[in-house]
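Spelled out from the first residue to the last, the chains are:
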Amino acid sequence: MNTFLAAVEFEALKFRRARLVWTVTALLGLALPVLAAVFTVAATAGGSSKLGLKAAAILTGRGWSGYLGAVGMMQSVGALMGIGFVVCWSFGREFTEKTQAGLFALPVGRRQLAYAKFAVILAWSLAVCVAGLVMAAGSGAAIGLGLPGPEALAAAAQALAAGLLTALLACPLAVVASMARGYLPGVGGLVLLVVITQVVTTFGAGAWFPYAAPGLWMGMGGAAAAHINPWQLILCIPVSVVGMAATGQWWKAMEVTAG
Amino acid sequence: MTTRAGIRADRLTTVLGGVRVLDDVSLEVGPGEIHALVGLNGAGKTTLMRILLGMLRPDRGTAALMGIPVHAAGARTFSRVGQMLDTPFAYPELTARENVYSAARLHGMGRAAAGAAAQRALAALGLDAYSAQRAATLSLGNRQRVGLAAALVHAPAVVVLDEPTNALDPRGVIVLRRLLQDAARDRGASILVSSHHLDEVARMADRITVLHRGTIIGTLPPGTVDLERRFFELVLASETQFEEQA
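Residues numbered from 1 in each chain as written. Chains lettered and ligands numbered in written order. Predicted model: local features only at pLDDT ≥ 70, side-chain atom pairs only at ≥ 80, totals over all residues. Heavy atoms only, no water.

(A) Structural context of the overall build of chain B. Regarding its fold elements, chain B presents eight helices and ten strands. Here the C-alpha coordinates of chain B stretch approximately 60 × 40 × 40 Å along the principal axes. A burial count over chain B gives 53% of its 246 residues as buried. Of the contacts formed within chain B by residues at least 6 apart in sequence, a portion of 65% connects residues at least 24 apart. Only carbon and sulfur atoms are counted for the fraction: they give 50% of the accessible area of chain B, which is about 10900 Å². Placing the 27 positive and 24 negative side-chain charges of chain B at their respective mean positions leaves the two points 9 Å apart. (Helix = DSSP H or I, 4+ residues; strand = E, 2+ residues; numbered from the N terminus. Buried < 20%, exposed > 50% of the residue type's maximum accessible area, 1.4 Å probe, protein only. Contact = heavy atoms within 4.5 Å. Areas by Shrake-Rupley, 256 points an atom, 1.4 Å probe, with all protein chains shown as cover. Lys, Arg positive; Asp, Glu negative; His and termini not counted. Charge placed at Lys NZ, Arg CZ, Asp CG, Glu CD.)

Right, here's the structure in full:
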């Protein structure tokens, strides 16, 4: 347990020193709630501008619930991209920067190191999602939505849940970044995943496709497609757990054959 | 009573990409001994060290650290091993001190002990003035020093270093030599180093093994001045034999 704590401490130190992490934090925690606020203002301004009409089509409700729904919708896409980038960097950098040899012959096993990376990434994801909602509370008040009511709390909880499910879904990308030994292949896998999600959703099977389910639940596919049953959302968890376990197993068995 | 070797390779054979990189290599490093491995580029030095540290499984043969087969070694064994292969343990976003402290923590040291040990290791390698500087801003030589400090911070009983004097200035080379000699003499560390610098190896090592085309082709007498000539005689003899067999 002590060696695992040392590994978490080590990964957390590298994590909080990384510029990429701070950039993604700013985008997910600050920029997305502000952007959603801009869309909400455009949609409710009553004008017939293109932006206003498109923004109105995105919103799934009025007031706080509509605004927080937009935040959750953007986060479900943004979190997969942003957290996915961070996952690929965290695992792939050890190979791209050739630091993996230093992770051998240690009392802390490489599987523990991989799980320490996941622990740090998921704790940070939770913090970013919560920060995004705090920012959304400020932005919503700033655009004149008034005091949030009980329906706003429900919308906030849904947005938080969608963000966290998406964070979990980003974790299996570590398998790609590890097996392909670099963060760029991982990012390639992320892009492919987004494309596949689009195709699957277009063909109407999105609700049972874990990478599409949180976004659809937030209203990405319109109100009709937003009726996602709990099992379809829960499916995200085993997909994530299997991805993390596979990564841990790969890290345990990995070898260094080239410099 | 026999003294247990800190490092032991027993008849290691490895084929990578169809090439026999190591062929029946056996080697031993006893407590308090500095054993140098010399050879041309591609001789198999790094591959041998990777196997000894559990980074690669051999096709045949066994590797052991402090009497424990490396594939079965656990936290207790590895807490007493220090190594630097390929790239120094010097994450660019961390300061020199943070890198060395992290290495100490990953080797099982407590926070306070790791902090004090990191400070000592940085001072021993002449990095005091750079301890708060990020590794990304350090020169190549100082990054190498950070990696060496990270490998030695926990006073390991077994040390494996691949080309440790690369990028070091002459002062750094002397500092490292003294650190390794002290570690071998004072706490009986078993030390395996590879190097291209034959004169440096001659000053430091108790034993020098020559590796060529994945095979041990002989030894060189340490402490002598004419190592280069002897080294090339061994390599030439091995090449001649290789061509005759081909």
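The structure having been displayed, the exposition proceeds.
(B) View of the packing of aromatic side chains. Counted by the stated rule, this structure contains eleven aromatic pairs over all chains. What links up through ring pairs into an aromatic cluster is the set F91(A), F95(A), F118(A), W250(A) and W251(A). The ring centre of F91(A) lies 5.7 Å from the NZ or CZ of K117(A), which sits over that ring. Between the NZ or CZ atom of R213(B) and the centre of the ring of F242(B), over which it lies, the distance is 3.9 Å. (Phe/Tyr/Trp six-rings, centres within 6.5 Å; stacked < 30°, edge-to-face > 60°. Lys NZ or Arg CZ within 6 Å of the ring centre and 35° of its normal.)

(C) Local environment of the sheet that holds strand β2 (residues 19-29) of chain B. Residues and elements named next belong to chain B. Reading across the sheet, the four strands line up as β2-β1-β4-β5 and stay open at both edges, with antiparallel pairing between neighbours. Every interior strand has two partners, whereas the edge strands, β2 and β5 (68-69), have only one. Looking at chain direction, strand β1 (residues 7-16) and β2 are connected through seven bridges and run antiparallel. Each residue of the ladder has a partner; that of A9, found in β2, is L27. Taken strand by strand, helix α1 (residues 45-52) contacts β1, β2 and β4 (60-65), and its axis lies near 120 degrees from that of β1. (Pairing = 2+ DSSP bridges. Axes fitted to C-alpha atoms, helices over the stretch in contact; angles between N-to-C directions.)

(D) Region of interest: the pattern of salt bridges. Applying the stated criterion across every chain yields a total of 20 salt bridges over all chains. With a shortest N-O distance of 2.6 Å, R229(B) and D226(B) are connected by a salt bridge. Its relative accessible area of 44% is what places R229(B) among the partly exposed residues. Overlapping salt bridges bring together E11(A), K14(A), E94(A) and K117(A) as one network. (Salt bridge = Lys/Arg side-chain N within 4 Å of Asp/Glu carboxyl O.)

(E) Structural view of a nonpolar patch on the surface. There is a patch of nonpolar side chains on the surface, built from W208(A), W231(A), I234(A), L235(A), I237(A) and V241(A) and spanning about 620 Å² of accessible area. Note on placement: V241(A) falls in helix α11 (residues 236-253). (Patch = residues over 30% accessible without salt bridge, like charges linked within 9 Å, V, L, I, M, F, W, Y side chains within 5 Å.)

(F) Spatial organisation of the nonpolar core. Counting 159 residues, the largest nonpolar core has L68(A), I83(A), F91(A), W251(A), L48(B), L180(B) and I191(B) as the members making the most contacts within it. Examining the composition of this core, we find that 16 residues originate from one element, helix α4 (residues 63-96) of chain A, more than from any other. (Core = buried A, V, L, I, M, F, W, Y, C linked by side-chain atoms within 4.5 Å.)

(G) Seen up close, the environment of G248(A). All names here are of chain A. Residue position: G248 is located in helix α11. In this structure the C-alpha to C-alpha distance between G248 and A174, which are 74 residues apart in sequence, comes to 9.4 Å. Not counting residues within four places of it along the chain, the set of residues in contact with G248 comprises R111, A114 and Y115.

(H) Here's a closer look at the pairing of strand β9 (residues 207-212) of chain B. Residue and element names in this part refer to chain B. The buried fraction of β9 is high, at five of six residues. Of the pairings in the sheet, the one linking strand β3 (residues 34-38) to β9 comprises four bridges and is parallel in character. When the sheet's bridge partners are listed, A36 is paired in β9 with I208. In this structure, β9 lies alongside strand β10 (residues 215-220), joined through five bridges in antiparallel fashion. Its bridge partner lying in β10, I208 is registered against L220. Turn length for the β9-β10 hairpin, with the two strands adjacent in sequence and antiparallel, is two residues, and the turn residue R213 shows positive phi of about 50 degrees.

(I) Highlighting α1(B). For α1(B), the buried fraction is high: seven of the eight residues fall into the buried class. Taken as a whole, α1(B) has its buried residues at K45(B), T47(B), L48(B), M49(B), R50(B), I51(B) and L52(B).

(J) Seen up close, the interface of chain A and chain B. Of the residues lining the interface, 28 residues belong to chain A; the matching set on chain B comes to 29 residues. Taken over both partners, the interface formed by chain A and chain B buries close to 2500 Å², and the fraction arising from carbon and sulfur atoms is 59%. Its largest share of buried area at the contact with chain B, chain A owes to R17(A), A105(A) and P107(A), together 24% of the area lost on that side. At the junction of chain A with chain B, the criterion picks out four salt bridges. When the shortest N-O distance is used, the salt bridge between R93(A) and E93(B) registers 2.6 Å. Along the contact surface separating chain A from chain B lie twelve residue pairs in polar contact (both at pLDDT 80 or more). Of all the secondary-structure elements, those providing two or more residues to the side of chain A that touches chain B are α1 (2-17) and α4 of chain A. (Buried area = accessible area lost by both parts, 1.4 Å probe. Polar contact = N/O pair within 3.5 Å; in protein donor to acceptor, adjacent residues only side chain to side chain.)

(K) Broad picture of the packing of α4(A) against helix α5 (residues 110-142) of chain A. All names here are of chain A. Remark: α4 packs on α5, axes separated minimally by 10 Å, with the N-to-C direction vectors making an angle of 155 degrees. Judged by the inter-axis angle, α4 sits roughly antiparallel to α5. Relative to α5, the crossing made by α4 is right-handed. Across the contact of α4 with α5, the residue classes break down as 18 nonpolar, six polar and two charged. (Parallel < 35°, antiparallel > 145°, perpendicular 65-115°, else oblique. Left-handed = near helix turned anticlockwise from the far one by under 90°. Nonpolar A, V, L, I, M, F, W, Y, C, P; charged D, E, K, R; others polar.)

(L) View of the side chain of N142(B). Residue and element names in this part refer to chain B. For N142, the location among the structural elements is in helix α5 (residues 140-152). On the basis of relative accessible area, N142 is assigned to the buried category, the value being 11%. Those residues in contact with N142 that sit more than four places away from it in its chain are L127 and Y130.

(M) Representation of the confidence of the model for chain B in the model. Residue-level pLDDT values for chain B average 93, and 99% of them are 70 or greater. At the level of chain-chain contacts, confidence expressed as ipTM amounts to 0.93, with global pTM at 0.93. (pLDDT = per-residue confidence, 0-100.)

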